[in-house]
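Remarks on the overall topology
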Amino acid sequence: MLERSPLVGRDVPRAQLVDGLARGRGGEVGLVLVSGDAGVGKSRLVADVLAGWRGRVLRGAFTPLGEFVCAGPERAEVDVLLGLVVREPLVLVLEDLHWAGAATVEALPGVAAACAGGESVVVATYRREELPRNHPVRAMRAEARRGGGLVEIVLGPLTAVQTGELLAGCLAAPVSDALVAAVHERAEGLPFYVEELAGALVESGGLRERDGVLDLAADMASAVPDSVLDAVLTRTADLRRQCPEAVELAAVLGLRVDLPVLAELVDPDEVDRVLDAGLLTEQGPGAAVFRHALVRDALYRAIPWARRRGHHRRVAERLAAGDRPPEVVAEHWAAAQEPDRARPLLLAAARRLCGAHAYRDAAGVVRRALSLWPPDVDPAARVDTVARLADCAELSGELESAANLWGEVARLRAAGGDGAAAGAAYRRLANVAELRGDVPAAVAAREAAADALAVAGLRGDCAAERLALAEQLKSAAHLSKALDHAEAAAEDAEAAGRTGVRAHALALQGAIRAALGEGRRGVALARSGLELALAGQLTEVAGEAYYELGEALEYAADYAAATDAYESALELSREHGFTALAQTCFVCMSPVVRLMGEWDRSLAICGEVLGDDRSSPLHRMVAQEESGLITVLRGDRRGVRAPLRQAVAFGRGNGVFGMEVGATWAIAALAVLDGDETAARHTVTGMLERCQDKEEWHYALPALRWSATYLAELGDRDGVARHHRLLATAATRNSTPKVLSALAHVGGELAVVEGDPVQAAAQFGQAVHLLRGVTAPFELALSRLRRGTALAAGGDRAPAVEAITDAYRIARRLGAKPLARQCAAELAAMGERVDRRLGRLAARSLTPAGLTRREQQVLGLLAEGRTNRQIAAELFLSTRTVDMHVRNLLTKLDCPSRGAAARRAVELGLVAPQTRQ
């Protein structure tokens, strides 16, 4: 008779678990994860530690079919226990978490967070080898690590010495080195396997005693079983001879055995024998589990195939009669080689799981159903099932899988001649591609959807799809293709009698044509779409048409009228509850008023959007980009770096080019403020490359005007020439004053780097002249500054001073401190009295970083390592006054500490490097 095996080689993990439980009771930890390979002793460790636990403990385990078995009389479902552990102080043990459903696993971080701070803790065990790459336990574990309050314990195999200790404990006698070596080699350090091998050797008589030490019998050198299967079969040989059918049917029923069902299939006395032998352990009324999953697996594999199939058929019939879960019954039909009876049950289970919003679990069940479904059996129903799987994958966030599945559904339905269904599937594929940030794939899917709907003769649906496609292409700055689809949408909508779609398509055409440089025609088209919507009393479409009219007017550079149109759309949308459209209209006013020079108004709009929890991610990103750009152009670097990077990534990933180019410009300007020429050049080069294959110039022009000037100041002729080629090409397709002005400005910069100030002044003058009918103060100020600089280089002093002075006044009104400082510096370089021309504030701006003379003195001493008290003594000031100066210069230099300020002072040339200590 074997003794109860001791807990060997687990001192460290035992201490970790004890500590985790204690910290859980203290509110520091909400979740303890115990992992290791099968048979390594996870459950034994948890049971041993909790045996002496003073407090309430609830236990349960998951079966390979995802069922939850609650130990003890509670018989509660796992979601009930998870709710209970949040409310009451207790320890909840969840065994074999690798078999749990995704919904349960995904809930654990939230439960753990709720437990932390209380007196409860969840202890979960799982097998590491059972976790494929996309297993929900992996994602849960990562989320729990980020949230804190997690303890992880990993159990490894035993060493040879520890195997010897465990073997001696099981056999209650000393053991020889040869016996230990033989068992350790077979068991590979797994405690369960060591125990099974010990039991098998006892049952088979393979041991002998010599001088009080157990060893292998002389004629039993090969008596140690080669596998766990052999060990289990040897150890259970007598029981299987006494009641073979009960043992086999118990193994067929699974890790969790339904005792009433087993008693209906065999003699109840045999069930009692199996329980008495310890093969099964009762867990609550009417339920039992195998003493280890590996025991059940070994017994199951030992059943001959034909008999195993018959057993599964009997079990399936009995379970079905007892109203058991359909997915459980289905697996028995599948194992009985009757897939036609398994599939409907699996699909029924999927419907139930979807009803409970457990979409990841439903997807797993549908995949199982499809694995039992030959392609030539009821192909139409099979495609419907693939579509259900795609839907579940999409709803559970498995977007890559959803994209592949919707593509498969679309192709199969198109091949079957069902154009309408194919179009619907392609539309779903486009939606998934958008969620993944794959704009080219989304565009291709929408094009395929429109084509499929056209072939099916569904011109109204085709028009709606082409309209969505046109909007997407416009946002991504592919305007010509967008216009083609908008025109086709209007034509199809008219043929199908879809007035609302036609009105929207006409308004969208107007916005696109205005963006392409046909401002007057574009505004007229947008107005015609609006009038059509109003005439038909199509309120929501009218709101969308007002929005498109606002865009058309914005592209036509009539910013005041554009703002009025956006406000009309906003008012109408709010009045009728079109919340998303109202948010879009509101946030889109921010770039318009920024271009008009009303920077404070733009910041106010952005602040309201960012402060509203209901704002969508798109609207928040627009607000981050606009507010970040204005902040940087005003010379402030605080708190904008991360939001701007997020806006660039979002804009590129979601095909919102205007956002991407605006945020990229801001990041380049930020690098200039930092004095990081390498980063600024790299960012400008990347922005220029992104503009190469785009047709949208409205938001790109101010950025390109600025970046060309920056490169010209560095003497980068090649970079300026690339800007000039890009804008010259743009001007062949879009000859609006804005484009031509930007081209003339860059032409002036090209003349500057080529050493021709006269030509440069003429080009900059033309750039200013072309902006005479456009409200674009920042661009105007930049071109006037550069014209003044060129005039000064050519010896035309008076007009140069006038141009630079005008530029300064515009920059000052905008609050664009770097540009204003540049204007003052140019005048100073000409020998002009800046304080007389521009005022004392302008003269002060020439001080590096805007520091006063006294602040520069303080910074110099600070950089030498002096304390505030020492600086005060040196400058004959009070310590409080020095404190104030240090705070001010830290703010102006945007530095968090004195050391950072000293380093920043060296970078800006305010302090010589050798003065630093």
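Now for a description of the structure that goes with this document. Position numbers for residues start from 1 in each chain and track the written sequence from start to end. pLDDT decides what is reported in this predicted model: residues at 70 or higher carry local features, side-chain atom pairs at 80 or more are listed and counted, and totals for whole chains, interfaces and linings draw on all residues regardless. The side-chain figures draw on all heavy atoms in the structure; neither hydrogens nor water molecules are used.

1. Digging into the state of the cysteines
In plain terms, two cysteine sulfur atoms within 2.5 Å form what is called a disulfide here. Taken as a whole and judged by the stated rule, the model has zero disulfides. C354 forms no disulfide, and the closest cysteine sulfur to it belongs to C392, at a distance of 3.5 Å. With no disulfide of its own, C691 lies 19 Å from the sulfur of C588, the closest cysteine sulfur. Relative accessibility under 20% of the residue-type maximum defines a buried residue, over 50% an exposed one, and the middle range a partly exposed one, all with a 1.4 Å probe and only protein chains included. According to the relative accessible area criterion, C691 is buried, its value standing at 1%.

2. Some remarks on the environment of G205
Helix and strand definitions follow DSSP, with helices as H or I runs of at least four residues and strands as E runs of at least two, each counted in order from the N terminus. If you trace the backbone, G205 turns up in the loop between α8 (191-204) and β7 (207-210). In the structure, G205 is positioned 699 residues away from R904 in sequence and 82 Å away in space, judged by C-alpha atoms.

3. What about unusual backbone geometry?
Positioned with a positive phi, D211 is a non-glycine residue whose angle comes to about 55°. Here D211 lies in the loop between β7 and β8 (213-216). For D378, which is not glycine, the phi dihedral falls at a positive 45°. Looking at the element boundaries, D378 is found in the loop between α18 (359-371) and α19 (379-395). What makes D378 partly exposed here is its relative accessible area of 46%.

4. Some points on the side chain of E398
Inspection of the secondary structure puts E398 in the loop between α19 and α20 (399-415). Any pair of nitrogen or oxygen atoms within 3.5 Å is treated as a polar contact; in protein, a donor-acceptor pairing is required on top of that, and neighbouring residues in sequence qualify only through side-chain atoms on both sides. Among the polar contacts made by the side chain of E398, one reaches the side chain of R360 at a distance of 3.1 Å. What E398 contacts, discounting residues up to four positions off in sequence, is R360, R367 and A393. Contact between two residues is taken to exist if any of their heavy atoms lie within 4.5 Å; hydrogens are not considered.

5. Section: empty space enclosed by the protein
The way it works is a 1 Å grid over only the protein atoms, where trapped points that fit a 1.4 Å probe form a cavity and open points with protein on both sides within 12 Å along at least five of seven lines form a pocket, and then any residue with an atom within 4 Å of a point lines it. Grid points are joined across faces, edges and corners, and a volume is the space filled by probe spheres set on the points. Within this structure, the stated rule accounts for three cavities of 30 Å³ or more. When its volume is computed, the largest cavity comes out at roughly 90 Å³. Lining of the largest cavity is provided by R594, L595, G597, W599, L633, W665, P702, A776, P777, F778 and E779. Only α29 (579-596) and α39 (777-793) provide two or more residues apiece to the lining of the largest cavity. Broken down by element, the lining of the largest cavity gets its largest block of residues, three residues, from α39.

6. Some details on the pairing of strand β11 (residues 287-290)
Neither face of β11 is left uncovered, since the one carrying A287 and V289 and the one carrying A288 and F290 both have all their residues buried. Two strands pair when backbone bridges link them, and strand β9 (residues 256-258) and β11 are joined in this way by three bridges, in the antiparallel orientation. Following the sheet pairing, R256 is matched in β11 by V289. Here three bridges tie strand β10 (residues 280-282) to β11, and the two strands are oriented antiparallel to one another. Across the sheet, the residue bridging to E282 is A288, located in β11. Connecting the antiparallel pair β10 and β11 is a turn made up of four residues, with G284 showing a positive phi of about 85°. Strands were regarded as paired on the criterion that DSSP finds at least two bridges between them.

7. Digging into a negative patch on the surface
Residues enter a patch when their relative accessible area is above 30% and they make no salt bridge; the linking distance is 9 Å between like charges and 5 Å between nonpolar side chains (Val, Leu, Ile, Met, Phe, Trp, Tyr). Here the open area of atoms and residues is found with the Shrake-Rupley method and a 1.4 Å probe, where only the protein chains shown may cover a residue. Between Lys or Arg on one side and Asp or Glu on the other, a salt bridge is scored when a side-chain nitrogen of the former is within 4 Å of a carboxyl oxygen of the latter. Note that His is not counted, nor are the chain ends; the positive residues are Lys and Arg, and the negative ones are Asp and Glu. For this purpose, a charge sits on NZ of Lys, CZ of Arg, CG of Asp or CD of Glu. A grouping of D267, D269, D272, D276 and E282 is seen on the molecular surface, where their side chains present a negatively charged patch. Top contributing element to the negative patch by residue count: helix α13 (residues 268-276), with three residues. Relative to the helices and strands, D267 is located in the loop between α12 (259-265) and α13. The exposure class of D267 is partly exposed, given its relative accessible area of 40%.

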